[in-house]
Amino acid sequence: WHAHVDREQYGAFDFTALIYLSEFGEHFEGGQFAFVDAGAEALTVEPREGRTVLFTSGAENVHKVHRVSDGVRLAFTVAFTCDPAKGVQD
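Reference entry: report on the structure contained in this document.

### Description of the overall build of the chain
Part 1: Scanning the chain from terminus to terminus reveals 1 helix and 8 strands.
Part 2: Sequence-ordered secondary structure for the chain, helices as α and strands as β, is α-β-β-β-β-β-β-β-β.
Part 3: Here the C-alpha coordinates of the chain stretch approximately 40 × 35 × 15 Å along the principal axes.
Part 4: The buried share of the chain, taken over its 90 residues, is 31%.
Part 5: Residue pairs in contact within the chain that sit at least 24 positions apart in sequence constitute 77% of those at least 6 positions apart.
Part 6: For the chain, the computed accessible surface area is about 5800 Å², with 54% contributed by carbon and sulfur atoms.
Part 7: In the chain, 7 side chains carry a positive charge and 14 a negative one; their mean positions are 3 Å apart.

And the structure:
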């Protein structure tokens, strides 16, 4: 789909984590996560159940997810902020 930067897209993200809950090739096809750097070949992460991808959410980590072509891709996304004003309040 579209390449983006989490901090620009969502505002509060300083770090992003993805935890895969389904298995590439078994539960779905497509859906690879790719870091996209201008002028460089994309670094692709193949989804595996239980695999965690953690990265800073700024412009240094432009990324996208390829479309799922078959099945269901399940992933849990966790956003971390370093700004107490943007955190979850009790």
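### Some details on the pattern of salt bridges
Part 1: Counted by the stated rule, this structure contains 3 salt bridges.
Part 2: A salt bridge links Asp 14 to Arg 7, with the shortest nitrogen-to-oxygen separation between them at 3.4 Å.
Part 3: The salt bridge involving Glu 23 is made with Arg 48; its shortest N-O contact spans 2.6 Å. Note that Glu 23 is positioned in the loop between strand E1 (15–20) and strand E2 (28–30) and Arg 48 in the loop between strand E4 (43–45) and strand E5 (52–56), a separation of 25 residues in sequence.

Parameters and conventions
Residues numbered from 1 in each chain as written. Predicted model: local features only at pLDDT ≥ 70, side-chain atom pairs only at ≥ 80, totals over all residues. Heavy atoms only, no water. Helix = DSSP H or I, 4+ residues; strand = E, 2+ residues; numbered from the N terminus. Buried < 20%, exposed > 50% of the residue type's maximum accessible area, 1.4 Å probe, protein only. Contact = heavy atoms within 4.5 Å. Areas by Shrake-Rupley, 256 points an atom, 1.4 Å probe, with all protein chains shown as cover. Lys, Arg positive; Asp, Glu negative; His and termini not counted. Charge placed at Lys NZ, Arg CZ, Asp CG, Glu CD. Salt bridge = Lys/Arg side-chain N within 4 Å of Asp/Glu carboxyl O.

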